[in-house]
Amino acid sequence: IEVIKDEVSKFRRITFEEANIKSRKRELVMVRQEMMKLIHELTPLSLKSIGRLFKKKFDHSSVLHSKQTVSDLMFSDKRFEREHNLIRSKIINRI
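Analysis parameters
- Throughout this document, residue positions are counted from 1 along each chain, in the order its sequence is written.
- Only residues with pLDDT of at least 70 get local features here, since the model is predicted, and only at 80 or more are side-chain atom pairs given and counted; chain-wide, interface and lining totals rely on the full set of residues.
- Hydrogens and water are ignored here; the side-chain numbers use all heavy atoms of the structure.
- Only runs of H or I of at least four residues qualify as helices and only runs of E of at least two qualify as strands under DSSP, and these elements are numbered from the N terminus.
- Note on method: radius of gyration uses C-alpha positions; expected globular size equals 2.2 Å times residues raised to 0.38.
- Only protein chains enter the accessibility calculation, which uses a 1.4 Å probe; a residue is then buried when its area is under 20% of its type maximum, exposed when over 50%, and partly exposed in between.
- Should any heavy atoms of two residues lie within 4.5 Å, those residues are considered in contact.
- On a scale of 0 to 100, pLDDT captures the predictor's confidence in every residue.
- Here, expected helix span is obtained from the residue count minus one, scaled by 1.5 Å.
- As used here, the arc is the angular range of directions from the helix axis to the C-beta atoms.
- Residues belong to one nonpolar core when they are buried, are Ala, Val, Leu, Ile, Met, Phe, Trp, Tyr or Cys, and are joined through side-chain atoms within 4.5 Å.

A.B. asks: Would you explain the overall build of the protein chain in this entry?
C.D. replies: When helices and strands are tallied, the protein chain shows six helices and zero strands. The N-to-C order of helical and strand elements in the protein chain reads α-α-α-α-α-α. The globule rule puts the C-alpha radius of gyration for 95 residues at 12 Å, and the 12 Å found for the protein chain is close to it. Expressed as lengths along the three principal axes of its C-alpha atoms, the size of the protein chain is roughly 30 × 30 × 20 Å. The buried share among the 95 residues of the protein chain stands at 42%. Look at the contacts in the protein chain between residues 6 or more apart in sequence, and 60% of them connect residues 24 or more apart.

A.B. asks: Please explain the confidence of the model for the protein chain as it appears in this structure.
C.D. replies: Should the pLDDT be low somewhere, the predicted coordinates at that spot are not to be read in detail. Summary statistics for the protein chain give a mean pLDDT of 93 and a share of 100% for residues scoring 70 or more. Mean pLDDT across the secondary structure elements of the protein chain bottoms out at helix H2 (residues 16–19), with 91, and peaks at helix H6 (residues 78–94), with 97.

A.B. asks: Can you help me understand helix H5 (residues 60–76) in this one?
C.D. replies: Residues that lie three or four places apart on an α-helix share one face, since the helix turns once every 3.6 residues. The end-to-end C-alpha distance of H5, which contains 17 residues, comes to 25 Å, matching closely the 24 Å that a straight helix rising 1.5 Å per residue would cover. For H5, the complete set of buried residues consists of Val63, Ser66, Lys67, Val70, Leu73 and Met74. Looking straight down H5, one finds its buried side chains confined to an arc of 130 degrees; they lie on one side. For H5, the exposed residues set more than 90 degrees away from the buried face come down to Phe75 and Ser76. Lining the buried residues of H5 we find helix H3 (26–42), helix H4 (47–52) and H6.

A.B. asks: Would you mind going over the nonpolar core with me for this structure?
C.D. replies: Across soluble globular proteins, you tend to see nonpolar side chains buried next to one another. Counting residues in hydrophobic clusters, the biggest one holds 19 residues, and the most contacted among them are Val8 and Phe54. When residues of this core are traced back to their parent elements, those giving at least two are helix H1 (2–12), H2, H3, H4 and H6. The biggest single contributor to this core is H3, with six residues. Setting aside chain neighbours within four positions, we find Val8 in contact with Arg13, Val31, Glu34, Met35, Leu38 and Ile87. Counting five residues, the second largest nonpolar core, distinct from the first, contains Met30, Leu73, Met74 and Phe80.

Put into structure tokens, the structure is as follows:
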């Protein structure tokens, strides 16, 4: 989980602590959602457990929504998709 937080934070230039505050700023929300999607894809944690990693204590439906939002953005924005896949590759290389 720390590797995921670290790689997303480095690439997006937003720390986990910044992304984890109760904020609806688009750039912070997207980083938080991207972290949730990657944590779900790359760890055995349940959706409920992933939600608990964040201060706002998201429930499982919030994590599902985050995954869907990131997937939708990847479909509509190829640059974002390439960046996301690059971050994912970096994470996989470190674990």
